Amino acid sequence: MSFGLYDASAPVFVRALTNLSALMDKALTQGFDEAKLLEARLAPDMRPFPSQIQLASDSAKGAVARLTGTDNPSMADTEASFAELKARIDATIAFIHSVDASAFEGGEDRDVVLKFPGGEQHFKGGAYLTGFALPNFFFHVTTAYALLRAAGVEIGKRDYLGRA
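Report on the accompanying structure. (Residues numbered from 1 in each chain as written. Predicted model: local features only at pLDDT ≥ 70, side-chain atom pairs only at ≥ 80, totals over all residues. Heavy atoms only, no water.)

Description of the nonpolar core
Here comes step 1: By size, the foremost hydrophobic cluster in this structure holds 45 residues, and its most contacted members are Phe13, Phe49, Ile96 and Leu148.
Here comes step 2: Listed by contribution, the elements that provide at least two residues to this core are helix 1 (5-29), helix 2 (34-39), helix 3 (49-68), helix 4 (82-98), strand 1 (111-116) and helix 5 (125-150).
Here comes step 3: The leading source of residues in this core is helix 1, at 11 residues.
Here comes step 4: The contact partners of Leu148, leaving out residues within four places of it in the chain, are Leu23, Met24, Ala27, Leu37, Phe49, Phe82, Val153 and Ile155. (Core = buried A, V, L, I, M, F, W, Y, C linked by side-chain atoms within 4.5 Å. Buried < 20%, exposed > 50% of the residue type's maximum accessible area, 1.4 Å probe, protein only. Helix = DSSP H or I, 4+ residues; strand = E, 2+ residues; numbered from the N terminus. Contact = heavy atoms within 4.5 Å.)

Okay, structure coming up:
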């Protein structure tokens, strides 16, 4: 059995998103002020906690859609509570699960074009996943973890990694 694009993406996204949802549960269980956590940011020029969840979601579902040639479900970025952010995580995971592993076949050679205000960036699917999608996804997951940790939520590496 070979290790393919599906193995390097879909289960990785699902696991990290699942763990992220559990981190949010821990914050609430420990009695942290949800409103303060929603406003938290690491630096004044960085986006707040909800944006980190939204961007992690966008990164995961966007990668799966681009690598498989499927439609990327639109999400409005209007979440204003942990419950709404967790629902977004659940919807993202549901989308990932809805895409059959066979749809990833040949995706490593698929052309991926990302449009940014300064221009376009072109990739082949494999390079996009390893050089952009996964690093970008984990930037936002890690930033969300760091925001919770900096606020005093009792979480650690095992919580971030989840069950092995």
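Here's the deal with the pairing of strand 1
Here comes step 1: When strand 1 meets strand 2 (residues 119-124), the two strands line up antiparallel, connected through six bridges. Looking across to strand 2, one finds that Val112 is bridged to Phe123.
Here comes step 2: Counting the residues in the hairpin turn of strand 1 and strand 2 gives two residues. (Pairing = 2+ DSSP bridges.)

Quick look at unusual backbone geometry
Here comes step 1: A positive phi angle is found at Asp77, which is not glycine, with a value near 60°.
Here comes step 2: Position of Asp77 among the secondary structure elements: in the loop between helix 3 and helix 4.
Here comes step 3: In this structure Asp77 comes out as partly exposed when scored by relative accessible area, which is 39%.

Concerning the side chain of Lys61
Here comes step 1: Along the chain, the position of Lys61 falls in helix 3.
Here comes step 2: Residue classification places Lys61 among the buried residues on the basis of a relative accessible area of 4%.
Here comes step 3: Once you skip the residues sitting within four places of it in the chain, Lys61 turns out to touch Asn72, Pro73, Met75, Arg88, Thr92 and Phe95.

A closer look at the packing of aromatic side chains
Here comes step 1: Summed over all chains, the structure comprises nine aromatic pairs.
Here comes step 2: Linked through ring pairs, Phe116, Phe123, Tyr128 and Phe132 together constitute an aromatic cluster. (Phe/Tyr/Trp six-rings, centres within 6.5 Å; stacked < 30°, edge-to-face > 60°.)

What to know about the packing of helix 1 against helix 4
Here comes step 1: For the pair helix 1 and helix 4, interaxial distance at closest approach is 10 Å and the crossing angle is 165°. Comparing the axis directions of helix 1 and helix 4 gives the class roughly antiparallel. As helix 1 packs across helix 4, the resulting crossing turns out to be left-handed. Within the contact between the two elements, helix 1 uses Ala10, Phe13, Val14, Leu17, Thr18, Leu20, Ser21, Met24, Asp25, Ala27 and Leu28 and helix 4 uses Phe82, Leu85, Lys86, Ile89, Thr92, Ile93, Ile96 and His97.
Here comes step 2: Residue composition of the contact of helix 1 with helix 4, grouped by class: 13 nonpolar, four polar and two charged. (Axes fitted to C-alpha atoms, helices over the stretch in contact; angles between N-to-C directions. Parallel < 35°, antiparallel > 145°, perpendicular 65-115°, else oblique. Left-handed = near helix turned anticlockwise from the far one by under 90°. Nonpolar A, V, L, I, M, F, W, Y, C, P; charged D, E, K, R; others polar.)

From the geometry alone we can't say anything about function, so treat these as descriptive.
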